[in-house]
Amino acid sequence: MQYLNINELSQRLIRKNEILRRLESLVNQNGYIKVEPDYFEPYERFIQLNKRIKKETMVKIQSLDGSITILRPDITTNLMNLIVPIWCKGNALKLYYVSSTFRQNINEPIVETKQFGVEYLGGKLESDREILYLILSIFKNLNLDFVLEIGHQKFINALFKQLKLTEIKEVQLKTIINDKNQFELNKFIQTEEISDDCKQLLSNIFKLEGSLDRITEVLASITLNSDMSDALEELRVIRNYLETEKLLSSVTFDLSSLSNYDYYNGVTFKGYIKNVPFAILSGGRYDMLTKEFGQEVPAIGFSIDLNEVLKEVL
């Protein structure tokens, strides 16, 4: 282990606090209010909402009455449980947090990931634009060399609705797509009973990335249902906004993009920086998740892995 002397440690702590202040100042200027999520999450409800998250990675706690809770693996579901039951329609609420999620692997210690996150409830088109602007502003404010990948879960959801797979097969295919595994995808297409339209779309799914014009060219010969067409049109609106604001240079699109969480139902985001092989920012629109807590509320947000960001900028 490499040790820092007291002066180096002090400077790192000062720099870390300065970065957090800059992030908080940026969201405060846009009307976001700080919130502290609960640490605990009911186990059964979480696995019902997030079927692809491996149960063995959750940090479980058994109460004296035998019930199981988990240290939160995800902050969004935690916040929705607090907010949606008392939501008054017609309102807008902007929140942010600096908090942690927890996970573990077999025979390994618990991993705590510090996150900076933002949630915007109650808006639609204006909230999509504001969240996108905020994401790009944060990356630029921290002077990070980044790429923002924008997808649309509605497109993927429409494909899976047409496929009519069993729950097990659906999880299998989502894992294949999420891993960008062309070999396993080819096997899946060959062995499953799939309509010709779906076969054609699945065969080209990994080509649906890059500029929106390129994606549109690939889709030109493929039959799309109305939900897929709507998703594509929403991305065009976003692309045009980013182009008008001169924010398109660090943005790419990917209609095969999937989150580990199944609650997204609209535009999605993944942010990448140099030297990190996974997304350090993720999020999107999750209106349908709020229905699980009593009422449907327009909602969009994102979280940043502060552990990785601080490694890069300190």
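Residues numbered from 1 in each chain as written. Predicted model: local features only at pLDDT ≥ 70, side-chain atom pairs only at ≥ 80, totals over all residues. Heavy atoms only, no water.

## With respect to the sheet that holds strand β3 (residues 59-62)
Strand order in this open sheet of three strands is β2-β4-β3, and the pairing throughout is antiparallel. Edge positions in the sheet fall to β2 (40-42) and β3, since each of these pairs with one other strand and no more. On average, adjacent strands in this sheet sit at an angle of 40 degrees to one another, irrespective of strand direction. Bridge count for β2 against strand β4 (residues 68-71) is three bridges, and the pairing is antiparallel. Across the sheet, residue Phe-40 finds its bridge partner in β4, namely Leu-71. (Pairing = 2+ DSSP bridges. Helix = DSSP H or I, 4+ residues; strand = E, 2+ residues; numbered from the N terminus. Axes fitted to C-alpha atoms, helices over the stretch in contact; angles between N-to-C directions.)

## A short note on the packing of aromatic side chains
Counting across every chain of the model gives eight aromatic pairs. Relative to Phe-102, the ring of Tyr-39 has its centre 6.1 Å away and its plane inclined at 40 degrees; by these criteria the two rings are tilted. With a gap of 63 residues between them, Tyr-39 in the loop between β1 (33-34) and β2 and Phe-102 in strand β5 (residues 93-103) connect regions that are remote in the sequence. Ring geometry for Tyr-263 versus Tyr-286: centroids 6.1 Å apart, planes at 70 degrees, classification edge-to-face. Of the two residues, Tyr-263 is situated in the loop between β9 (251-254) and β10 (267-273) and Tyr-286 in the loop between β11 (281-285) and α11 (287-291); the sequence distance between them amounts to 23 residues. For the residue pair Tyr-263 and Tyr-286, the accessibility class agrees, reading buried in each case. (Phe/Tyr/Trp six-rings, centres within 6.5 Å; stacked < 30°, edge-to-face > 60°. Buried < 20%, exposed > 50% of the residue type's maximum accessible area, 1.4 Å probe, protein only.)

## Comments concerning the environment of Ile-189
Following the sequence through the fold, Ile-189 ends up in helix α7 (residues 182-191). Those residues in contact with Ile-189, other than ones at most four positions away along the chain, are Ile-194, Lys-199, Leu-202 and Ser-203. (Contact = heavy atoms within 4.5 Å.)

## Section: the nonpolar core
With 73 residues, the main nonpolar core has Phe-116, Leu-148, Ile-150 and Phe-269 as its most contacted residues. Excluding its chain neighbours within four sequence positions, the residues that come into contact with Phe-269 are Ile-131, Leu-132, Ile-135, Leu-148, Glu-149, Ile-150, Leu-281, Ser-282, Gly-283, Gly-284, Ile-300 and Gly-301. The next biggest cluster of nonpolar side chains, apart from the first, holds 24 residues, and it includes Tyr-43, Ile-53, Leu-121 and Tyr-264. (Core = buried A, V, L, I, M, F, W, Y, C linked by side-chain atoms within 4.5 Å.)

## Examining a nonpolar patch on the surface
On the surface, Ile-6, Leu-9 and Leu-13 cluster together to form a nonpolar patch covering roughly 290 Å² of accessible area. Mapped onto the secondary structure, Leu-9 falls in helix α1 (residues 6-29). Among the residues examined, Leu-9 registers a relative accessible area of 37% and is labelled partly exposed. (Patch = residues over 30% accessible without salt bridge, like charges linked within 9 Å, V, L, I, M, F, W, Y side chains within 5 Å. Areas by Shrake-Rupley, 256 points an atom, 1.4 Å probe, with all protein chains shown as cover. Salt bridge = Lys/Arg side-chain N within 4 Å of Asp/Glu carboxyl O.)

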